[in-house]
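Here is what each chain is made of, one letter per residue.
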Amino acid sequence: MTVRGSFVVQPANGVRGVVRVPGDKSIAHRYALLAALSPGRSVLRGYAPGADCRATLACIEALGAAVVRAEATVTVIGRGVGRLSSPAGILDALNSGTTTRLLTGVLAGHPFTATITGDDSLRRRPMRRVIVPLTLMGARIGSTNGCLPMTIEGGPLRGIDYHTEVPSAQVKSAILLAGLHASGVTRVTESAPTRNHTEVALSRFGADVTVTGSVVELRGGQTLHAVDLEIPGDLSSAAFWAVAAAAMPGSSVELPQVGLNPTRRVVLDVLQRAGAEIEVDESSSDGGEPVGCVRVRHAGVRPITVSPGDVPGLIDELPALAALATHGGEITVTGAAELRVKESDRISALVAGLRALGADADELPDGFHVNGSRRLAGGVADAVGDHRLAMSFAIAALGARGPSTILGAESVDVSYPGFFGVLSSLTI
Ligand code: S3P
């Protein structure tokens, strides 16, 4: 039952079924931006339907690319590297950090001034992490205390050799996209490996990108070519069903055609460590992105520890793993202070929401601890407008003694429109 942004989750005995999840959000953003920078017609199949990826399409349209949407297929008529046009108004990234940071890299290389803003959550998120390297490259960027709204005065850029302080695929990507527009070579050295979809996508659109260990390098002035690509299902969305199946006795789910990029699939190893039976059939690769079918079956829930080294590969799945722990498991996460600057402060809002459902959960400065030895009572959990928290609270609530209300349930539209319909169809 949906009542004005809230959703009531009834306790369930388990989940069973096959779910084809929507297209990968991270990959969709990159394909859309690179399609706008490629002259001619790119076709992006299985484009992510959430509000974040719609924001990226609206931004590239405002910058002169033509976009035609037909269900999950998006056709982009791109303009070329450095050939986007000055937007008539302010660019609105809505709730999307990826749109903001990657687009800032693109705009840094264009000879006009553009302003990006976003919703209340996005306007609180730190942007200095992209402002600093892009300014070193030659862009002029004004911000509101390091946050949005941000005005980018792009122009001729020079390549830099940059070591990232925070492991962030968004920062790496912003620099590489700016590097495409810069003179000379741009080199990014990562403090820890992060998702590599930008590197893969750049190659797929025809750029020459070199990866040596933790160093990514590209030469400026390269041209891109339009492509026809299929976007795999989003493993971060599939993770909610994987967790639900891992959590409850008698449960199993099959998740066909999900992305299995090695920089994203750490969650599957951790679920296995937590006791789940996982089967992966890697069937194909489209544009360098491996795709396959994941089957998950409950086989007990064991305590797990997520250490700092695991965090960058698992950052978006940590709230879902916290939900798993409430089903009789236990989790300790450290080295994840980045969670505090996501769509919400995902440490404090996660712990507050799980506690409201009756969980034994505690904040740590850079992580959290959840002990699931006591069954949840059920209650009212506020997702504070954060899509991944809304979905995590729903999965936790399946194991409660009574019904639970998820406030801010409409936020699932950011990455997974239709999430609650699938939840209802899977529960047994
Ligand atoms: C993303 C990278 C991650 C992730 C976000 C999507 C991307 O952020 O949390 O949901 O598509 O590059 P950071 O790279 O800032 O950690």
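These remarks concern the structure in this document. Keep in mind it's a predicted model, so treat the numbers as computed, not measured.

What counts, and at which threshold
- Residues numbered from 1 in each chain as written.
- Predicted model: local features only at pLDDT ≥ 70, side-chain atom pairs only at ≥ 80, totals over all residues.
- Heavy atoms only, no water.
- Near = heavy atom within 4 Å.
- Polar contact = N/O pair within 3.5 Å; in protein donor to acceptor, adjacent residues only side chain to side chain.
- Helix = DSSP H or I, 4+ residues; strand = E, 2+ residues; numbered from the N terminus.
- Nonpolar A, V, L, I, M, F, W, Y, C, P; charged D, E, K, R; others polar.
- Buried < 20%, exposed > 50% of the residue type's maximum accessible area, 1.4 Å probe, protein only.
- Pairing = 2+ DSSP bridges.
- Phe/Tyr/Trp six-rings, centres within 6.5 Å; stacked < 30°, edge-to-face > 60°.
- Contact = heavy atoms within 4.5 Å.

### Quick notes on the site of the ligand
Thinking step 1. Taken together, S26, R30, T98, S168, A169, Q170, R195, I315, D316 and K342 are the residues near the ligand.
Thinking step 2. The contact in question runs from an oxygen atom of the ligand to an N or O atom on the backbone of A169, over 2.7 Å.
Thinking step 3. In this structure, D316 approaches the ligand through a side-chain N or O atom, which is 2.7 Å from an oxygen atom.
Thinking step 4. Residue assignment for the shell around the ligand shows that the elements contributing at least two residues are α1 (25-36) and α6 (169-180).
Thinking step 5. Grouping the amino acids of the shell around the ligand by side-chain chemistry returns two nonpolar, four polar and four charged.

### Considerations on the pairing of strand β16 (residues 215-219)
Thinking step 1. Here β16 shows one buried face, formed by V216 and L218, and one open face, formed by V215, E217 and R219.
Thinking step 2. Where strand β14 (residues 185-189) and β16 come together, five bridges link them in antiparallel fashion. Bridging from a neighbouring strand, R187 pairs with E217 of β16.
Thinking step 3. One ladder, built from four bridges, connects strand β15 (residues 209-212) with β16; its direction is antiparallel. Each bridged residue has a counterpart across the sheet, and for T210 the counterpart in β16 is E217.

### Topic: helix α12 (residues 387-397)
Thinking step 1. Burial analysis of α12 places eleven of its eleven residues in the buried class, which makes it a mostly covered element.
Thinking step 2. Residues H387, R388, L389, A390, M391, S392, F393, A394, I395, A396 and A397 constitute the buried set of α12.
Thinking step 3. Taking the backbone nitrogen of R388 as reference, a side-chain oxygen 3.0 Å away marks D386 as the first, capping residue of α12.

### Brief notes about the packing of aromatic side chains
Thinking step 1. Applying the stated criterion to the full structure yields seven aromatic pairs.
Thinking step 2. Residues Y416 and F419 carry aromatic rings whose centres are separated by 5.7 Å and whose planes lie at 75° to one another, so their mutual orientation is edge-to-face.
Thinking step 3. The class for Y416 is buried, based on a relative accessible area of 2%.
Thinking step 4. Three or more aromatic residues joined by ring pairs form one cluster here, namely F7, F240, W241, Y416, F419 and F420.

### Digging into the environment of R273
Thinking step 1. With respect to the secondary-structure elements, R273 resides in helix α9 (residues 266-273).
Thinking step 2. Since its relative accessible area comes to 37%, R273 is described here as partly exposed.
Thinking step 3. The spacing of R273 and V294 is 21 residues in sequence and 16 Å in space, taken between C-alpha atoms.
Thinking step 4. If near-sequence neighbours (up to four positions away) are discounted, R273 is found in contact with R302, I304, T305, V306 and D310.

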